[in-house]
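# Overview (structure and organization)
Below, each chain spelled out in residue letters.
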Amino acid sequence: MKPTVKVCGQTDPEIIKLCIEQGASLIGFIINYPKSPRSISIEKLKSLTKNIPDNIKKVAVMVNSSIQEVKEISNYCNVIQLHGNESNDFIDEIKKATNLEVVKVIKVNNKEDLETTKQFPSADIFLYDTPSMGQSGEAFDFEILKDLKNRNFFIAGKIDINNIETALRYTDKIDVNSGLETKKGIKDPEKIKQFFNKLKNNEN
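Residues numbered from 1 in each chain as written. Predicted model: local features only at pLDDT ≥ 70, side-chain atom pairs only at ≥ 80, totals over all residues. Heavy atoms only, no water.

### Considering the overall build of the chain
- Along the chain, the regular secondary structure elements total six helices and 11 strands.
- A compact globule built from 204 residues should have a C-alpha radius of gyration of about 17 Å, and the chain, at 16 Å, falls within 12% of that.
- Dimensions of the chain, computed from C-alpha atoms along their principal axes, come out at roughly 45 × 40 × 30 Å.
- At a minimum sequence separation of 6, the contacts of the chain that also span at least 24 residues come to 49%.
- Accessible surface, the chain: about 10,000 Å² in total, of which carbon and sulfur atoms supply 46%.
- Taking the average location of the 30 positive side-chain charges in the chain and that of its 29 negative ones, the two points are 2 Å from each other. (Helix = DSSP H or I, 4+ residues; strand = E, 2+ residues; numbered from the N terminus. Rg over C-alpha atoms; globule rule 2.2 N^0.38 Å. Contact = heavy atoms within 4.5 Å. Areas by Shrake-Rupley, 256 points an atom, 1.4 Å probe, with all protein chains shown as cover. Lys, Arg positive; Asp, Glu negative; His and termini not counted. Charge placed at Lys NZ, Arg CZ, Asp CG, Glu CD.)

Here it is as structure tokens:
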């Protein structure tokens, strides 16, 4: 089965085009989060999303944002990925105010952390990430996921060409970001091509 790949932390229209050509089906943007070198404004989001085909999902990655900000990004994106301390009530609020699909991020340190998904029954899907959300360069500990029966989740955390085959044993939904960079915050076209070639080889 062909994996579903989201390339996150997008800032460059040429890189977005390349990712889509290579096979990405979701394009992610980190919105108004100054701690990230990949953070962009809503104004930049508007510009970067205007030429993305309708069949590609546009994902706004946000941290403890206001419902006003969420409503604004819903003009340009069809998915929101919540990376902060958002509650299930906030997810319900998003659903009432917009048509956004909601991805709730769960920071996973151990198996017990997987249980926190029960706190978010209104989320459409979950994304399991490292506690540092890739900022420390640590890779996801895939062993934590081995007993999960439900494979319908995204996985992130320093995924790159070296561990993608391992990640695909646990889910077919991959979120890749820093693993496609040579310099922090700057996607490398060659790494993107190599990554998607590796994926295509795994399909055969």
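### Here's the deal with the environment of Ile40
- Relative to the helices and strands, Ile40 is located in strand E3 (residues 39-40).
- Given a relative accessible area of 7%, Ile40 falls into the buried group.
- Considering only alpha carbons, one finds Ile40 and Val59, 19 residues apart in sequence, at a separation of 13 Å.
- When sequence neighbours within four positions are dropped, the list of residues in contact with Ile40 reads Gln10, Thr11, Phe29, Ile30, Ile31, Asn32, Leu45 and Leu48. (Buried < 20%, exposed > 50% of the residue type's maximum accessible area, 1.4 Å probe, protein only.)

### Re the packing of aromatic side chains
- Enumeration over the complete set of coordinates arrives at four aromatic pairs.
- On the basis of an interplanar angle of 10° and a centroid distance of 6.0 Å, the ring pair of Phe142 and Tyr170 is categorised as stacked. In this pair, Phe142 sits in the loop between strand E7 (125-129) and strand E8 (154-155) while Tyr170 sits in the loop between helix H5 (164-167) and strand E9 (173-176), placing the two residues 28 residues apart along the sequence. You'll find Phe142 and Tyr170 in the same group, each marked buried.
- Members of the aromatic cluster, joined through ring pairs, are Phe140, Phe142 and Tyr170.
- The ring of Phe120 has Lys104 sitting right over it, with the charged end atom 5.1 Å from the ring centre. (Phe/Tyr/Trp six-rings, centres within 6.5 Å; stacked < 30°, edge-to-face > 60°. Lys NZ or Arg CZ within 6 Å of the ring centre and 35° of its normal.)

### What to know about the environment of Val79
- Within the element layout of this structure, Val79 appears in strand E5 (residues 79-82).
- Sequence separation between Val79 and Lys173 is 94 residues; the distance between their C-alpha atoms is 15 Å.
- Here Val79 is in contact with Lys57, Lys58, Val59, Ala60, Leu100, Glu101 and Val103, once residues within four sequence places are set aside.

### Examining the pattern of salt bridges
- As enumerated under the stated definition, the model contains 13 salt bridges in all.
- Lys118 is the partner of Glu115 in a salt bridge, and the nearest nitrogen-oxygen pair spans 2.5 Å.
- A salt bridge links Glu165 to Lys198; the nearest nitrogen and oxygen atoms lie 3.8 Å apart. With Glu165 in helix H5 and Lys198 in helix H6 (residues 189-203), the pair connects residues that are 33 residues apart, well separated along the chain.
- Look at Glu165 and you get partly exposed, because its relative accessible area is 39%. (Salt bridge = Lys/Arg side-chain N within 4 Å of Asp/Glu carboxyl O.)

### Considerations on unusual backbone geometry
- A positive phi angle is found at Asn32, which is not glycine, with a value near 50°.
- As for its position among the elements, Asn32 is in the loop between strand E2 (26-31) and E3.
- According to the relative accessible area criterion, Asn32 is partly exposed, its value standing at 38%.
- A positive phi is found at Asn64, a non-glycine position, where the angle reads about 50°.
- Within the secondary structure, Asn64 is located in the loop between strand E4 (57-62) and helix H3 (67-73).
- For Asn64, a relative accessible area of 45% translates into the label partly exposed.

### What to know about helix H4 (residues 88-97)
- Listed as buried for H4 are Asn88, Phe90, Ile91 and Ile94. Here the buried residues of H4 occupy an arc of 155° about the axis, which is enough to place them on one side. Exposed residues lying more than 90 degrees from the buried face of H4 are Asp89 and Lys96.
- Of the surrounding elements, those touching the buried residues of H4 are H3, E5 and strand E6 (101-107). (Arc of directions from axis to C-beta.)

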